[in-house]
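So you can see what is in the structure, the chains are spelled out below.
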Amino acid sequence: MKCTPVNPWNWSLKLGYNQAEIIDGPSRQLIVAGQTAVDGNGVPQHIGDMRGQIGLALDNLEAVLVGADMDLSNIIKLGVYVTDVDDALKNFDLMGMRFGPFKCAPPMTLLGVTRLAIPGLLFEIEATAAT
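Residues numbered from 1 in each chain as written. Predicted model: local features only at pLDDT ≥ 70, side-chain atom pairs only at ≥ 80, totals over all residues. Heavy atoms only, no water.

J.: So, the overall build of the chain: which residues are in play, and what are the values?
T.: Across its full length, the chain holds 3 helices and 6 strands. Mapped from its N terminus to its C terminus, the chain presents α and β elements in the order β-β-β-α-β-α-α-β-β. Compactness check: the chain gives a C-alpha radius of gyration of 14 Å against a globular reference of 14 Å for 131 residues, within 12% of the reference. Expressed as lengths along the three principal axes of its C-alpha atoms, the size of the chain is roughly 40 × 35 × 25 Å. Taking as baseline every contact in the chain between residues at least 6 positions apart, the subset at least 24 positions apart corresponds to 73%. When the accessible area of the chain is evaluated, it comes to approximately 7000 Å², of which 56% is carbon and sulfur surface. (Helix = DSSP H or I, 4+ residues; strand = E, 2+ residues; numbered from the N terminus. Rg over C-alpha atoms; globule rule 2.2 N^0.38 Å. Contact = heavy atoms within 4.5 Å. Areas by Shrake-Rupley, 256 points an atom, 1.4 Å probe, with all protein chains shown as cover.)

J.: Any details on the sheet that holds strand β4 (residues 75-82)? Residues and values, ideally.
T.: Spatial ordering of the open sheet is given by β3-β6-β4-β5, a layout of 4 strands whose pairing is mixed. Pairing within the sheet leaves two strands with one partner each, and these edge strands are β3 (29-35) and β5 (108-112). For this sheet, the mean angle separating the axes of adjacent strands, direction not counted, is 10°. (Pairing = 2+ DSSP bridges. Axes fitted to C-alpha atoms, helices over the stretch in contact; angles between N-to-C directions.)

J.: Talk me through the environment of I118; I want residue IDs and the actual numbers.
T.: Structurally, the position occupied by I118 is in the loop between β5 and β6 (123-130). Accessibility expressed as a relative area gives 33% for I118, which makes it partly exposed. In this structure the C-alpha to C-alpha distance between I118 and T36, which are 82 residues apart in sequence, comes to 9.4 Å. Beyond its immediate stretch of four places on either side in the chain, I118 contacts V38, G42 and P44. (Buried < 20%, exposed > 50% of the residue type's maximum accessible area, 1.4 Å probe, protein only.)

J.: Please provide a residue-by-residue account of the pattern of salt bridges, values included.
T.: Enumeration over the complete set of coordinates arrives at 3 salt bridges. Close ionic contact of R51 with D93 constitutes a salt bridge, the shortest N to O distance being 2.8 Å. You can see R51 sitting in helix α1 (residues 50-67) and its partner D93 sitting in helix α3 (residues 93-99), a full 42 residues away along the chain. Overall, the relative accessible area of 33% leaves R51 in the partly exposed class. Look at D93 and you get partly exposed, because its relative accessible area is 36%. In this structure, R98 and E62 form a salt bridge, with 2.8 Å as the shortest nitrogen-oxygen distance. On the criterion of sequence distance, the pair formed by R98 in helix α3 and E62 in helix α1 is long-range, its members being 36 residues apart. A relative accessible area of 24% means that E62 is categorised as partly exposed. (Salt bridge = Lys/Arg side-chain N within 4 Å of Asp/Glu carboxyl O.)

This is the structure we're talking about:
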């Protein structure tokens, strides 16, 4: 699979994502449900702590990817849902720390929502990955 970024302007690169990517030759796709800051039993963790929730949600996303013999470099699109956009953006350096080593900046949408499915959750991330 070859990913070619499409960025008619570069402001989004500072936020860690490309405007679009051309994906050539994917042979296998993985659609990942929204991952949140829950433990192995589905119990919310890091209540009231956006940074802690982002970190654990990314850990959970990576665990799903590993289960499919993939890693963050395979992600071709992200959807992020947060209950506080400003608080999430203050902690988005975590996204760069995770995706940066893979040189991966998938197109992403960030949406502010009133709440997530489980009370206490602040951050949810869904992904599409391909090989």
